Amino acid sequence: MSQRNKATHPATGDTTPGEPASRAEIRESSDSDTGETRAVTTEAEAGAGSVTDTNSSAGAAAVTRVFGIRHHGPGSARSLRHALEEFRPDAILIEGPADADPLVGFVAADTMAPPVALLAYVPDSPARAAFWPFAVFSPEWQAMRYGVEHAVPVRFCDLPATNVLAADDDARGGGSDPLAALASAAGYDDAERWWDAVVESVPDSAAFDAITEAMTALREDARHAAITPPTADAPPQLGATAPTDTEVPDPVVLSPLDAPELLEKPSTGNGFEFPAAADRHEPAMAPLIVDQHTLVREAHMRQVMRQVLKGGTKRLAVVCGAWHAPALVEPLGPAAPDMRLLKGLPKTKAALTWVPWTHSRLAAGSGYGAGVTSPGWYHHLFTETERPVARWLTKVAGVLRSHDLPVSSAHIIEAVRLADTLAALRGRPLPGLSEVTEAVRSVMCGGDETMLRLVVDELVVGETLGGVPEDTPTVPLAADLRARCKTLRLKQEALARNIDLDLRKERDVERSHLLHRLRLLGIGWGTPTTGEVRSTGTFRETWTLRWEPEFEVRIVEAAVWGTTLRTAAETKILDTASRDDVTVTALADALEMALLADLGGATEGLITRLEAAAALDHDVTHLLGALPGLTRTLRYGDVRGTDTKALAHVADGLLVRICAGLPGAVTGLDTDAAQALRTQIDAAHTAISTRDDEHATTEWLATLHRIADRDDVHGAIGGRAVRLLCDAERIDDAESARRLAAALSVGNTPAAKAAWIDGFLGGRGLLLVHDRELLRRIDEWLRDLNEDQFVATLPLLRRTFGSFESGERRAISQALRDTGSAPTTADGPAAVDPIRGQLALRAATAILGAAG
């Protein structure tokens, strides 16, 4: 059940539908090696999973019972809880990292709310991490809860995280799922459906004996890997599968025909039995394989069992994946072979803690597969013991109604009836997820798969986020985040939600600072978005918040930069800015982010670095790219209370260098380069206009005037310079008309003319609607083009007019159709409409009479 983050996802060998590996175990030892005497107990309460240890410290027989469970199975969890209450152990061992024992005590905290996960990571390399997730319906969680509620010692018995994190994940053995083999033998094509029908829907503490017996049969026929003794030059690899040699039996292909005893499982004497196969002609399955990793894990489990029994435990309960149960219920045998397997294992430093988890991360399709594809359904089964089907379908109706879909009480009643009928036809005691889903599809959704998908996403999987106590051991950075979230009343939630921040309020400003700092550290809890409240000012921000469990690992990774969010963000942004290959644009963006995050300790260093980089950068395009970001930061001082005086000096210095170098940089450009530079000029013009500084505006417009007066400038830039000067009222309409006529003169090529028009009109279709003289000139130029010239200029003209809004294009067409391109004149008297005149006179008379 361990889930490895990123490329270090550890295979565990646990027997759960949806997990990739299935393994068996072989013995290489015998009781005669050490003379130890172990025998299966005959006590009725011990069952098939009990052993008697005659070598305990007190000399009396110790009873051990092994419970082979399915991780994250509500039926297994409920059955295990009943079995523990019947068995009443004085010690409990659970499959999990053995070095996580100190964290068990936190399970008793009131604020510990599953789903949660054990997180183990390498302090010096936090990206190498592993998770062990638990839900409220996980048998292991219920075992821990039983232990803390009854003051029973609880320990983990699997390989420590120090070994798991040091393992090589690229060399793991494969094979098929043992539960798939049992499901196939029982006539099911889906192991999930089989387990749900046999165990989850019919919880019974006696099921553990039958499951262990079935797993024992599978392990006897499984393919065994040779045990490779470790040497000094070749220590054991946890994930390695030993090569097959002559001593290893040939692969066994397991099918219902090969194992007929699995088709009709005999009763265990307590009412539990496996269902008979519906079809005895299933295709052969891939062989079940045991690799050395499984053998090492089980050896460690046995060693922990020996240690606990030696300490005086009389009634030991062991909770493990069903696949491992046969290796633990047999006589444990001598310890020497297990010690040889465990000697020389790779090891690294590891830190462990509890972190919140989500139901979606328990689903196999999420990338953090933990062997259950319907955690929301399983949570419902475990928590709702009375009429679970009716209550589930009531929840389904609520989900559909929340999406404005018509679902009545009659739909719920008919869906319950259909689910019960399907279960009866299929010989099931209660409807399972498949029957309930088919009832929802048919009755509530009318066969609409889109509606059904809503139910699956929001209920069957769900997005419940767990919680951990505040005093859970963690890195200082995570503790600072928890404290800040509590102060600012920001709740970590799995479902996405939008929040609008009013930056005129102190708390919202602090929230904005927090979210921006997290983004700088690579923790994308908040994503800037467009809010429903429209605002053209700088005092409002809208964020979409969605917490992901993997952010816990990123927090650990970011802890290397500092112990608080502010210091960590400042250190990281200064480190990024100090790199030799950083550009002026990147530094301007970093400075903008520093102001947004209120990183006063980094601002001065970024400004100094930006000044130095700008002084050495002779590329005008780099300086142009940095200017808009700097200008935006100058606006934040009014709303956020940030001192931006030093930024004005930097922005003025950039503008001086841009104005000096831009007239020379606009010459000799091809079409693509000219288009890119025009985009930068537009952004810089908008930024300077927004800044509203008279000196900066004057210098910038003077530079544009010099560009517009040059004859060797690409038309896309020359035309745009004229347009910007006209908008700023530095060129009147007559002057712009003269320049347009010059650009469309005979001396220029059709492509150059089209480029000039594209620069002059780009994105401004309303000019042609309101300026009929301009429309007439362009129309005449187009009509004078011959066919070859028109075809040559058509692509550029299509791009120019295609950038206009559809309403603008319709208005231009209307203007050409109604009045043509010629300007209107007042040569003759306008026609008088007597009827409209009378209406106007009556309205004026009524208004004057009312005023009198």
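Further up the page is the structure itself.
My aim in this report is to walk through the structure given alongside it, one point at a time. Predicted, not measured: the structure shown is a model, and the values here were computed from it. (Residues numbered from 1 in each chain as written. Predicted model: local features only at pLDDT ≥ 70, side-chain atom pairs only at ≥ 80, totals over all residues. Heavy atoms only, no water.)

### A short note on the overall build of the chain
A tally of helices and strands in the chain yields 33 helices and 15 strands. Expressed as a percentage of its 852 residues, the buried residues of the chain come to 52%. A total accessible area of about 37700 Å² is found for the chain, and carbon and sulfur atoms account for 53% of it. (Helix = DSSP H or I, 4+ residues; strand = E, 2+ residues; numbered from the N terminus. Buried < 20%, exposed > 50% of the residue type's maximum accessible area, 1.4 Å probe, protein only. Areas by Shrake-Rupley, 256 points an atom, 1.4 Å probe, with all protein chains shown as cover.)

### Here's the deal with the sheet that holds strand β14 (residues 526-529)
Spatially, 3 strands are ordered β13-β15-β14 in an open sheet, and the strand pairing comes out antiparallel. Each edge of the sheet is formed by a strand with only one pairing partner; in this case those strands are β13 (497-502) and β14. Between one strand axis and the next, the sheet turns by 35° as a mean value, whatever way the strands run. The sheet contact formed by β13 and strand β15 (residues 540-545) spans 6 bridges and is antiparallel. (Pairing = 2+ DSSP bridges. Axes fitted to C-alpha atoms, helices over the stretch in contact; angles between N-to-C directions.)

### Structural notes on the layout of surface pockets
The probe, sized like a water molecule, is rolled over the atoms to show the empty space still left. Of the volumes computed, that of the largest pocket is approximately 650 Å³. Elements that contribute at least two residues to the lining of the largest pocket include exactly α16 (476-488) and α18 (551-558). No other element matches α16, which puts 7 residues into the lining of the largest pocket. Its residues placed into classes, the lining of the largest pocket shows 14 nonpolar, 4 polar and 7 charged. (1 Å grid on protein atoms, 1.4 Å probe; cavity = no way out; pocket = protein on both sides within 12 Å on 5 of 7 lines; lining within 4 Å. Points joined across faces, edges and corners; volume = space filled by probe spheres on them. Nonpolar A, V, L, I, M, F, W, Y, C, P; charged D, E, K, R; others polar.)

### Concerning helix α28 (residues 750-761)
Its 12 residues give α28 an end-to-end C-alpha distance of 16 Å, which sits within 8% of 16 Å, the value for a rise of 1.5 Å per residue. The buried fraction of α28 is high, at 10 of 12 residues. The complete set of buried residues in α28 reads P750, K753, A754, A755, W756, I757, D758, G759, F760 and L761. (Expected span 1.5 Å × (residues − 1).)

### Here we look at the pairing of strand β6 (residues 116-122)
Counted residue by residue, β6 has 7 buried out of 7 residues, so it is predominantly covered. Side-chain alternation along β6 places V116, L118, A120 and V122 on one buried face and A117, L119 and Y121 on a second face that is also buried. From the end of β6 to the start of strand β7 (residues 125-134), which pair antiparallel, there are 2 residues.

### A closer look at helix α6 (residues 207-221)
Relative to the 21 Å expected for 15 residues at 1.5 Å per residue, α6 spans 22 Å between its end C-alpha atoms, a close match to the ideal helical length. Most of α6 is tucked away: 11 of the 15 residues are buried. Residues A207, F208, D209, A210, I211, T212, A214, M215, A217, L218 and R219 constitute the buried set of α6.

### Here we look at the side chain of R678
Topologically, R678 is positioned in helix α24 (residues 671-691). Taking relative accessible area as the criterion, R678 reaches 12% and is therefore assigned buried. When near neighbours in sequence (up to four residues on either side) are disregarded, R678 contacts A716, R720, D758 and G759. (Contact = heavy atoms within 4.5 Å.)

### Notes on the pattern of salt bridges
On inspection of all chains with the given rule, the structure shows 28 salt bridges. As a salt-bridge pair, E95 and R297 come within 2.8 Å of each other at their nearest N and O atoms. Of this pair, E95 sits in strand β5 (residues 91-97) while R297 sits in helix α7 (residues 292-310), and the two are 202 residues apart along the sequence. Like R297, E95 is buried. A salt bridge links R426 to E435; its shortest N-O distance comes to 2.9 Å. Residue R426 is classed as partly exposed on the basis of its relative accessible area of 36%. The structure contains a network of salt bridges with shared partners spanning R81, E85, R145 and E149. (Salt bridge = Lys/Arg side-chain N within 4 Å of Asp/Glu carboxyl O.)

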